[in-house]
Amino acid sequence: MYAWNAVQPFVFRDLPGSAATGEDHGVSSIRPTAEVTGERGPARRPGTGRAVALLVLVALGALIPLLGPSAALHGTGEAAAPGAGGIGLLRAVLFAAVSVPLGELFVHRLARRLPGVPPEQPCSWAPFVTAAGFVAALALAAVVSAGNLIPHRLGQLDVGGLYGSRDGRLALLEVNGLLLAALCASSRRPAAQVWPLAAVIVAEALRAHPPTEQSPLVGSGLTLVHLTCATLWTGGLLHALRLLRLWRGDPAGAALLARYARVAGVLLAAITATGVCSALRRMPSATILDQLTTTAYGRTLLAKVILVAAVALLALWARIRLGRAADPLTAYTPARAEVIALGAVVATSGLLTALPLPIRWS
């Protein structure tokens, strides 16, 4: 608790029985930060460090899909599709663009049910990430239009040709969905963005399972549940920690984190069940152990499983701290590490969609 507060600007709320009522609780001589820093000039903006850290994490996460294909394909004898790293990066951006706004809406709904919630709210990231997701979806649509090749410019997008194929129509649905979500996020009714974002998730679930696949509707249903739970878990935890930082010292922050932790347990169970079922459908159980090490898809899937296991351990650690520690806000440290690990999971998921599917051995 003290280590966390040491790097935060001090914020003091009016206490019952403070100087306003004539009683002294031992903190009446402390003044807000503005008065202290006023003698030394303007203080550094607290959001600068967080913005730099966010950019560093984005850059590190981008290395996974960009450098991953060569490592995953090494020694497998499989051929990578042209631009697999770029496609993996674009898909990771698209997943993040759906997770962040849905997580904000999800956590706001949880917070509204808590008594005594502070009125302060952090600046929404939804307009920015949905705009980035729109650009990524536009680039992916150009890839489909160019025949799964990375085009030199988005101007090569053939909209008429996209309408003639199933993958093209789904790509256009994602483009329009993220554009509409960006507009809704900047409007007076940001909650309306849930519908276009849901359409993007449905399009992504359908895209992952073409009609030539055995039981495509079953696969699409599993992917739909998997993506929905993953977006709520990832984006929800990120926004819950942002609120926790803003409400530091207020018991509503710990209550919100505890409520999110209970829901996250259900989300993790659904993610695990649907992920295992999807993996068994694409890699039959008779050869799954062999394909986990001899195919690019299997290696990347194994890396994702390890990352998810690490995330689950961090979530368990945070929940133990939340329930047993004298100060529940000590759960902030493992929860922050969980967010970083989830970012790596998102990047790995983007890479997984750009790799060739394993051979279904008879």
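Further up the page is the structure itself.
Residues numbered from 1 in each chain as written. Predicted model: local features only at pLDDT ≥ 70, side-chain atom pairs only at ≥ 80, totals over all residues. Heavy atoms only, no water.

Asker: Describe the overall build of the protein chain, naming the residues involved and giving the relevant values.
Answerer: A tally of regular secondary structure across the protein chain gives 13 helices and 0 strands. Starting at the N terminus and walking to the C terminus, you meet the elements of the protein chain as α-α-α-α-α-α-α-α-α-α-α-α-α. Burial status across the protein chain gives 41% buried among its 362 residues. Expressed as a percentage of contacts within the protein chain between residues at least 6 apart in sequence, the contacts between residues at least 24 apart total 74%. (Helix = DSSP H or I, 4+ residues; strand = E, 2+ residues; numbered from the N terminus. Buried < 20%, exposed > 50% of the residue type's maximum accessible area, 1.4 Å probe, protein only. Contact = heavy atoms within 4.5 Å.)

Asker: Before we move on, can you summarise the side chain of Glu213 with the specific residues and values?
Answerer: Inspection of the secondary structure assignment puts Glu213 in the loop between helix 8 (194–207) and helix 9 (216–246). Glu213 gets classed as buried once you look at its relative accessible area, which sits at 18%. At a separation of 3.0 Å, a polar atom in the side chain of Glu213 contacts the side chain of Arg281. Here Glu213 is in contact with Ala208, Gly219, Arg281 and Arg282, once residues within four sequence places are set aside. (Polar contact = N/O pair within 3.5 Å; in protein donor to acceptor, adjacent residues only side chain to side chain.)

Asker: So what's going on with the packing of aromatic side chains? Residues and values would help.
Answerer: Following the criterion strictly, the structure yields 0 aromatic pairs and no others. Sitting over the face of the ring of Trp125, Arg242 holds its NZ or CZ atom 3.9 Å from the ring centroid. (Phe/Tyr/Trp six-rings, centres within 6.5 Å; stacked < 30°, edge-to-face > 60°. Lys NZ or Arg CZ within 6 Å of the ring centre and 35° of its normal.)

Asker: Could you give an account of the environment of Ala335, with specific residues and numbers?
Answerer: Along the chain, Ala335 turns up in helix 13 (residues 332–352). Along the backbone, Ala335 and Leu237 are 98 residues apart, and their C-alpha atoms lie at a distance of 7.8 Å. If near-sequence neighbours (up to four positions away) are discounted, Ala335 is found in contact with Leu237, Leu241 and Ala318.

Asker: I'd like a rundown of the pattern of salt bridges, residues and numbers included.
Answerer: Evaluation of the coordinates by the stated rule reveals 5 salt bridges. For the salt bridge of Glu104 with Arg242, the shortest nitrogen-to-oxygen distance reads 3.8 Å. Here the residue Glu104 occupies a position in helix 4 (residues 84–112), and Arg242 occupies one in helix 9, the gap between them amounting to 138 residues. Neither Glu104 nor Arg242 differs from the other in exposure class; each is buried. (Salt bridge = Lys/Arg side-chain N within 4 Å of Asp/Glu carboxyl O.)

Asker: Break down the nonpolar core for me, with residues and values.
Answerer: Counting 32 residues, the largest nonpolar core has Trp233, Leu241, Leu256 and Tyr260 as its most contacted members. For this core, the secondary-structure elements that each account for two or more residues are helix 4, helix 9, helix 10 (251–282), helix 12 (296–324) and helix 13. Counting residues per element, this core draws most heavily on helix 10, which supplies 9 residues. Residue contacts for Trp233: discarding those within four places in its chain leaves Tyr260, Ala264, Leu267, Leu268, Ile271, Val311, Glu338 and Leu342. The next biggest cluster of nonpolar side chains, apart from the first, holds 26 residues, and it includes Leu102, Ala136, Leu162 and Ile201. (Core = buried A, V, L, I, M, F, W, Y, C linked by side-chain atoms within 4.5 Å.)

Asker: Tell me about the environment of Gly85, and name the residues and values.
Answerer: Of note, Gly85 is situated in helix 4. It is 7.0 Å that separates the C-alpha atoms of Gly85 and Leu351, two residues lying 266 residues apart in sequence.

Asker: How would you explain the packing of helix 9 against helix 10 if you had to name every residue and give the values?
Answerer: Relative orientation of the contacting elements helix 9 and helix 10 amounts to 155 degrees, with a least axis distance of 8 Å. Here helix 9 lies roughly antiparallel to helix 10, going by the angle between them. Crossing angle aside, the handedness with which helix 9 passes helix 10 is left-handed. Broken down by class, the residue content of the contact of helix 9 with helix 10 amounts to 21 nonpolar, 7 polar and 1 charged. (Axes fitted to C-alpha atoms, helices over the stretch in contact; angles between N-to-C directions. Parallel < 35°, antiparallel > 145°, perpendicular 65-115°, else oblique. Left-handed = near helix turned anticlockwise from the far one by under 90°. Nonpolar A, V, L, I, M, F, W, Y, C, P; charged D, E, K, R; others polar.)

Asker: Explain the side chain of Arg91 to me, using residue names and the numbers behind them.
Answerer: Structurally, Arg91 is set in helix 4. With sequence-adjacent residues up to four places away left out, Arg91 is seen in contact with Leu140, Glu174, Glu204, Arg207, Gly350 and Thr353.

Asker: Just give me the short version of the packing of helix 4 against helix 13, but keep the residues and values in it.
Answerer: Two numbers describe how helix 4 lies on helix 13: the axes approach to 7 Å, and their chain directions differ by 130 degrees. With respect to each other, helix 4 and helix 13 are oriented oblique. In this structure, helix 4 crosses over helix 13, and the sense of that crossing is right-handed. Facing helix 4, whose interface residues are Gly88, Arg91, Ala92, Phe95 and Ala96, helix 13 presents Val346, Ala347, Ser349, Gly350 and Leu351. In terms of residue class, the contact of helix 4 with helix 13 is made up of 6 nonpolar, 3 polar and 1 charged.

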